[in-house]
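Listed here are the chains, written in short residue letters.
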Amino acid sequence: MSGPLKAALVGCGALSQKGVLPHLTQTDAKERLVLEAVVDTHAERALETAKKYGVPHHFSSVDTMLDEADVDVVLVITPIPFHFPIALQAIQAGKHVYVQKSMTQTVKEADVLLAARDKAGVMLAAAPGFEVCSTTRAMREVVGQGAIGKVCVAYTYTLGFGHEREAQRTGEGALETVDPTWYYRAGGGPLPDVTVYALQLLTSLLGSVVRVTALGNKTSATKEWGGKSIPVEIDDNAVATLEFASGALAVAAGTNSRGGSRNPWGGLALYGTGGALEVTDVHGASGYPLAFEVTGQNAELFSTTLGEQPYIDGAHLDLQEPHVYADIMDLSDAVREGRPPRASGEQARHVVDIIEKVLESTRTGHVQELTTRFTPG
Amino acid sequence: MRLGLIGCGDVAQRDYLPELHRIADRVELAAVFSRSEERARSIAKDYGIARWYTDVAKLLADSGVEAVANLTPIPVHLDITLAAFAAGKHVYTEKPLASTTADAVRIRDEAAKQGLVLVCAPCSMLFPQVVRAKELLDAGTIGEVHSACGILHGGVPPWKGVVADQSQYFVEGAGPAIDLGVYPLHALTGMLGPVRRVSAFTSKARESFTLIEGPNKGDVVPIQVDDNWHLLLDFGDTRIGTLSANNCSIGTKAPQLELHGLEGTIAVNVLDESQPIDLRQSGKGWEQIDVPHQRSSGPDHILGIEHLEQVVREGGAPLLSANHAIHVIDVIEKAARSSKEGRVFDVDHTTF
């Protein structure tokens, strides 16, 4: 395949407005991928988006887009509950797919999606895809070499902020009145929205989780947005303990407390019998861990910069959500080069399995066993 | 108050004996017990203590002793505290009060029956940085709190420079949760209220370790209890938290206690009162709050002895109460059962 891929972006909400469209309309991005169409069920929002970013076609239905637009790739950047049906439809139409996190709500859906991918012979890249980030590989090397001994303990605290205060939801006009209600319904909440990053990193370093136990609750019955009251239907405050196949135990928290942790946001700390590996710097806009410190027998400092990461330079350095952009670029290169994308559907499925079982454990009060396995690297 | 010190191990020699002079105007160290005559004699000499014993019964029979500090290894806490009550002495006991909730309740009830004062370590709720953190929390500095975490890494044995028998930390009834996790757990529950439900994973990361120094150098010490504990805590009222304690990993940069509020975060080092509180409020970065403290660094256990003297003198219920200790022991006991049986457990003892 030569020339840039032709893409349709589905979902013109807050993430697309602040963190995807501004990247994809840069000149270097267009060398790899050009936006042919945008889709949003909110027709005016699709139109306004197409106008603002110079996209030739806009649709209010995925069906029509798939019938009428000539695209190679579909980018699924909708609220989480729509990821599965839209990604499946696009795959079945023979399109390569990038899907935002969390890929699906259930393992069952993930299985269907991966089977459809294999049947259609297309590529599927699933966020958050920290595999593109060089720090992930460097940390995996440290752990793999036994530099901190047998890893027994891991912590990660992802403190979310909810979404109702974002600029794209608190302004005027079609592009700045994006409804955050879905975040407080089934499929939303901090676990699939932000803790998913930490789980991705943890599994990239430690491999498969086999069992989980969790507690959760609602921090409040309602949230306020645009003068309206949003009912909180899901637990927006959860803590979980994960047992890895290796025997390591990890604690992960996903809560909407706004204050933040003394530990870097979305950061990660691993402790072994011979030392520790602690992330010391997390880049705010991407969530990439940019520095870590190894203490113990094999002390080491590692640091990198956002600009050293694949695809992220020039204007991309100052735009929001550069990790999303990097994953999309990696998918376009994967298609061109005929290799799997780094943000693998298999890892995303395992992370979905963790989240699904954590939620099940909060509901039942019983430990849940995972059914999927994942081998990093 | 004339105090008898029972147990002259590492904790006594590091945290109590060198610090007791600060309250010498109120607490007179009248007698000391150690199983080793040499140690009892030399400590009595070093600290100007009038009488030393190698038989606990004799110290407890000493009519010049009004109260005792039980600083013995965990497995003998119960017997010594009960013997002290039988001898009519008030008791300050190192943590845990006992290894099981049932034994802890027995001790509490015995103290009540005898009309004696029982003060239970850890002194987390008297540590000045914890007191200050609670003031900040209660003043609404970080808004409503829905999430909290406690982390205590006890290091990987064999520990260097520890004179005590290191095996005592890894026998049934001991282990990192009840030995170390109790510090942040007392602080968390003292600030947020009792834990209503608990779920946990625990594991044994190592089976044994080999002593590298001392008279028993080369001995292999079996690890009989789980050395890696992770508890999930449900405080009710939309508050949940985590508590981790282990002896299978080295230190950590993570704060020992963190409270996450809707308007900010408080991070505290529970075991070192020389460390400032880290506070973050909405719209501001992190700021450090220095807290005045009496000990140069580390935990100030003398506050517990001082507390005992005050309660004996003035009457009233101790803040470092048996009921709080029983609650924490119950949480840990239920965590162990949760890990074995794979489900959430309700905590029974929740009043303190």
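Residues numbered from 1 in each chain as written. Chains lettered and ligands numbered in written order. Predicted model: local features only at pLDDT ≥ 70, side-chain atom pairs only at ≥ 80, totals over all residues.

Observations regarding the environment of B:G140
All names here are of chain B.
Reasoning step 1: Along the polypeptide, G140 turns up in the loop between α6 (128–138) and β7 (145–153).
Reasoning step 2: Take G140: there are 11 C-beta atoms within 10 Å of it, and that puts it in the exposed class.
Reasoning step 3: With 124 residues separating them in the primary sequence, G140 and G264 have C-alpha atoms 9.6 Å apart. (Helix = DSSP H or I, 4+ residues; strand = E, 2+ residues; numbered from the N terminus. Buried ≥ 20, exposed ≤ 12 C-beta atoms within 10 Å, placed from the backbone.)

Description of the sheet that holds strand β13 (residues 269–272) of chain A
Residues and elements named next belong to chain A.
Reasoning step 1: Taken in spatial order, the nine strands line up as β16-β15-β14-β13-β7-β12-β11-β8-β17 in an open sheet, and their pairing is mixed. The open sheet has two edge strands with one neighbour each: β16 (300–303) and β17 (368–369).
Reasoning step 2: The sheet contact formed by β13 and strand β14 (residues 275–282) spans four bridges and is antiparallel. Counted as the bridge partner of G272 is G275 from β14.
Reasoning step 3: Running at roughly 50 degrees to strand β8 (residues 209–217), helix α10 (residues 345–364) makes contact with β8, β11 (237–244) and β17 of the sheet. (Pairing = 2+ DSSP bridges. Contact = placed C-beta atoms within 7 Å. Axes fitted to C-alpha atoms, helices over the stretch in contact; angles between N-to-C directions.)

Details of the interface of chain A and chain B
Reasoning step 1: At the junction of the two partners, chain A supplies 40 residues and chain B supplies 41 residues.
Reasoning step 2: Mapped by element, the contributors of at least two residues to the side of chain A that touches chain B are β7 (151–159), β8, β11, β12 (249–255), β13, β14 and β15 (289–296) of chain A.
Reasoning step 3: With five residues, β7(A) is the single largest residue contributor to the side of chain A that touches chain B.
Reasoning step 4: The residue makeup of the side of chain A that touches chain B, split by class, is 15 nonpolar, 19 polar and six charged. (Nonpolar A, V, L, I, M, F, W, Y, C, P; charged D, E, K, R; others polar.)

Thoughts on the domain arrangement of chain B
Put simply, an interface is often sized by how much accessible area is lost when its parts join up.
Residue and element names in this part refer to chain B.
Reasoning step 1: Domain annotation for chain B reports domain 1 (2–123 + 301–321) and domain 2 (126–297 + 328–346).
Reasoning step 2: Contacts between domain 1 and domain 2 engage 22 residues on the former and 19 residues on the latter.
Reasoning step 3: Secondary-structure elements contributing two or more residues to the side of domain 1 that touches domain 2 are α5 (101–114) and α8 (302–314).
Reasoning step 4: The leading source of residues in the side of domain 1 that touches domain 2 is α8, at three residues. (Domains from an automatic or database assignment.)

Considerations on helix α5 (residues 83–92) of chain A
Residues and elements named next belong to chain A.
Reasoning step 1: Most of α5 is tucked away, with seven of its ten residues classed as buried.
Reasoning step 2: Those residues of α5 that are buried lie in contact with β1 (5–10), α4 (62–68), β4 (73–76), β5 (96–99), α6 (107–120) and β6 (124–126).
Reasoning step 3: Positioned one or two residues after α5, G94 has a phi angle of 85 degrees, which is positive.

Observations regarding the domain arrangement of chain A
Residue and element names in this part refer to chain A.
Reasoning step 1: Partitioning chain A into structural domains gives domain 1 (5–126) and domain 2 (131–308 + 342–369).
Reasoning step 2: Each of domain 1 and domain 2 has a C-alpha centre, and the two are 24 Å apart.
Reasoning step 3: Mapped by element, the contributors of at least two residues to the side of domain 1 that touches domain 2 are α1 (14–24), α3 (43–53), α6 and β6.
Reasoning step 4: Broken down by element, the side of domain 1 that touches domain 2 gets its largest block of residues, five residues, from α6.
Reasoning step 5: Grouping the amino acids of the side of domain 1 that touches domain 2 by side-chain chemistry returns twelve nonpolar, eight polar and six charged.

Overview of the packing of α1(A) against helix α9 (residues 322–337) of chain A
All names here are of chain A.
Reasoning step 1: Two numbers describe how α1 lies on α9: the axes approach to 8 Å, and their chain directions differ by 45 degrees. By the angle class used here, α1 and α9 are oblique. In the crossing of α1 with α9, the sense of the turn from one axis to the other is right-handed. Here G19, V20 and H23 of α1 come into contact with α9, specifically with P322, V324 and Y325.
Reasoning step 2: Of the residues assigned to the contact of α1 with α9, the class counts are four nonpolar, two polar and no charged. (Parallel < 35°, antiparallel > 145°, perpendicular 65-115°, else oblique. Left-handed = near helix turned anticlockwise from the far one by under 90°.)

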